[in-house]
Amino acid sequence: MNKVLVTGATGFIGRHTLKKLCDRFDHVYAVYRNESLAVANDNLTWHEADLLSDEETCALFEECAPTHLLHLAWYAEHGKYGHSEKNIDWLTSSLHLIREFRKNGGKRVICAGTCFEYNLDHGTLSETDTPLEPELIYGESKKSLYNMLSSYSELTGLSSAWGRVFYLYGPHENPGRLVSSVIRSLILNQPAKSSAGEQKKDFLHVYDVADAFVELLSSNLTGAVNIGSGNAIAVKDIVIKIGAFTGKEHLVELGALPTRQNERQLIQADTQRLTHELNWHPGYTLDEGLKQTIQWWEDHLDLDNEALKNAI
């Protein structure tokens with residue numbers, strides 16, 4: 001029986017993996033910290049656990065004994081995660097988690113990495129050719145876990161792969177992020193302020209990111225795999241598209257915010273491994289994904305409460 005345990009099951013990516021995991025595996029164990037989701041399935045079981053606790057992690061794997069592990073959980077508070085010491089906590093707890101997984105019969109593990117492990121000056125980032133030279137402790141911690149997982153897999157025979165996520169957007173995104181903040185502002189008939197937006201970034205809809213992780217978990221592919229679209233787009237073009245799709249172009253204010261210091265002009269995934277070795281391709285075009293995300297915000301944004309907050 002193939003049983004998968006997914007950490008970060010209530011997170012931005014994790015929540016979108018559950019349905020497909022339930023379709024692919026005999027049983028899915030979804031781990032949450034504070035509150036589970038209103039997602040039910042005959043072969044889905046929710047488990048509350050603090051993965052930073054060695055004791056709770058041990059108990060979790062002893063009880064579930066999954067054959068597969070999709071490790072998505074990490075500290076990800078918007079605006080803080082890049083420089084936080086909590087990255088060290090998640091690095092050490094993740095190493096313990098992977099050992100407990102194998103100790104209890106685990107066979108294959110997939111972890112979520114980040115494009116920020118790379119030296120970003122290279123523009124188009126390749127798993128085989130681009131050096132890993134992170135600038136922030138977030139990227140350094142992820143890189144360290146990747147290196148340890150690779151060595152541990154070689155030592156023990158554990159099957160593993162590492163999905164390096166680029167820029168993503170979609171339903172349930174933090175409202176402070178680019179796409180969600182622009183959409184929310186325009187729905188509320190407020191100015192959508194951004195930088196001049198000349199920099200190009202590789203964006204992928206979160207549904208596709210989640211789908212790619214499930215495909216990677218279900219495969220025999222090992223090592224690092226970039227999870228991106230392979231096609232970077234200027235930030236200004238995304239903002240302009242959202243303005244057009246909402247009919248609020250007049251509220252878009254390009255150049256109203258300063259460009260961040262050390263902003264790279266190009267961050268793009270080399271997706272050769274993803275498309276040719278995993279044989280995976282996105283289900284959403286950028287236009288389709290943005291329209292779907294706009295519709296989600298229109299369906300879920302409480303306009304009355306938002307208006308009240310803005311008036312206070």
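Structure shown above.
Now for a look at the structure at hand. For clarity, every value in this text was computed on a predicted model and none was experimentally measured.

Some details on the packing of helix 3 (residues 86-103) against helix 4 (residues 137-156)
The geometry of helix 3 relative to helix 4 is characterised by a closest axis approach of 9 Å and an angle of 20 degrees between their N-to-C directions. Viewed along their axes, helix 3 and helix 4 adopt a mutual orientation that is roughly parallel. Crossing hand, helix 3 versus helix 4: right-handed. Contacts from Asn87, Ile88, Leu91, Ser94, Leu95, Ile98, Arg99 and Arg102 in helix 3 reach Ile137, Tyr138, Ser141, Ser144, Leu145, Met148, Leu149, Tyr152 and Thr156 in helix 4. Class assignment of the residues belonging to the contact of helix 3 with helix 4 gives a composition of 10 nonpolar, 5 polar and 2 charged.

Brief notes about the sheet that holds strand 15 (residues 266-269)
Across the sheet, 4 strands lie side by side as 6-15-10-13; this open sheet has mixed pairing. Whereas interior strands pair on both sides, the edge strands pair on one side only; in this sheet they are strand 6 (124-125) and strand 13 (233-234). Looking at chain direction, strand 10 (residues 200-201) and strand 13 are connected through 2 bridges and run antiparallel. Residue pairing across strands places Lys200 opposite Ala234, the latter belonging to strand 13.

Quick word on helix 5 (residues 178-187)
Burial runs high along helix 5: 8 of the 10 residues are buried. Considered for burial, the residues of helix 5 that qualify are Val179, Ser180, Val182, Ile183, Arg184, Ser185, Leu186 and Ile187. Asn189 sits one or two residues past helix 5 and shows a positive phi near 60 degrees.

Describing the pairing of strand 5 (residues 108-114)
A regular strand places its side chains so that they alternate between the two faces of the sheet. Summarising burial for strand 5: 7 of the 7 residues are buried, a large majority. Handedness of the strand 4 (residues 68-71)-helix 3-strand 5 crossover: right-handed. One ladder, built from 7 bridges, connects strand 5 with strand 7 (residues 159-165); its direction is parallel. Note that in strand 7 the partner of Val109 across the bridge is Ser160.

Description of the packing of aromatic side chains
The tally for this structure, following the rule as stated, stands at 9 aromatic pairs. Aromatic pair Phe61 and Phe101: ring centres 6.2 Å apart, planes at 65 degrees, arrangement edge-to-face. Of this pair, Phe61 sits in helix 2 (residues 54-64) while Phe101 sits in helix 3, placing them 40 residues apart in sequence. According to the relative accessible area criterion, Phe61 is buried, its value standing at 0%. The class of Phe101 is buried, set by a relative accessible area of 0%. When the ring of Tyr81 is compared with that of Tyr138, the centres are 4.7 Å apart and the planes differ by 80 degrees; the resulting orientation is edge-to-face. Pair noted here: Tyr81 is in the loop between strand 4 and helix 3 and Tyr138 is in helix 4, with a separation of 57 residues, a long-range link. For Tyr81, a relative accessible area of 19% puts it in the buried group. When its relative accessible area of 13% is taken as the criterion, Tyr138 is described as buried. Of note, Lys142 hangs over the ring of Trp74, and the distance from its end group to the ring centre comes to 4.1 Å. Its guanidinium or amino end placed over the ring of Phe245, Lys291 lies 4.9 Å from that ring's centre, counting from NZ or CZ.

Scoring rules and cut-offs
- Residues numbered from 1 in each chain as written.
- Predicted model: local features only at pLDDT ≥ 70, side-chain atom pairs only at ≥ 80, totals over all residues.
- Heavy atoms only, no water.
- Axes fitted to C-alpha atoms, helices over the stretch in contact; angles between N-to-C directions.
- Helix = DSSP H or I, 4+ residues; strand = E, 2+ residues; numbered from the N terminus.
- Parallel < 35°, antiparallel > 145°, perpendicular 65-115°, else oblique.
- Left-handed = near helix turned anticlockwise from the far one by under 90°.
- Contact = heavy atoms within 4.5 Å.
- Nonpolar A, V, L, I, M, F, W, Y, C, P; charged D, E, K, R; others polar.
- Pairing = 2+ DSSP bridges.
- Buried < 20%, exposed > 50% of the residue type's maximum accessible area, 1.4 Å probe, protein only.
- Right-handed = clockwise from strand over helix to strand, strands pointing away.
- Phe/Tyr/Trp six-rings, centres within 6.5 Å; stacked < 30°, edge-to-face > 60°.
- Lys NZ or Arg CZ within 6 Å of the ring centre and 35° of its normal.

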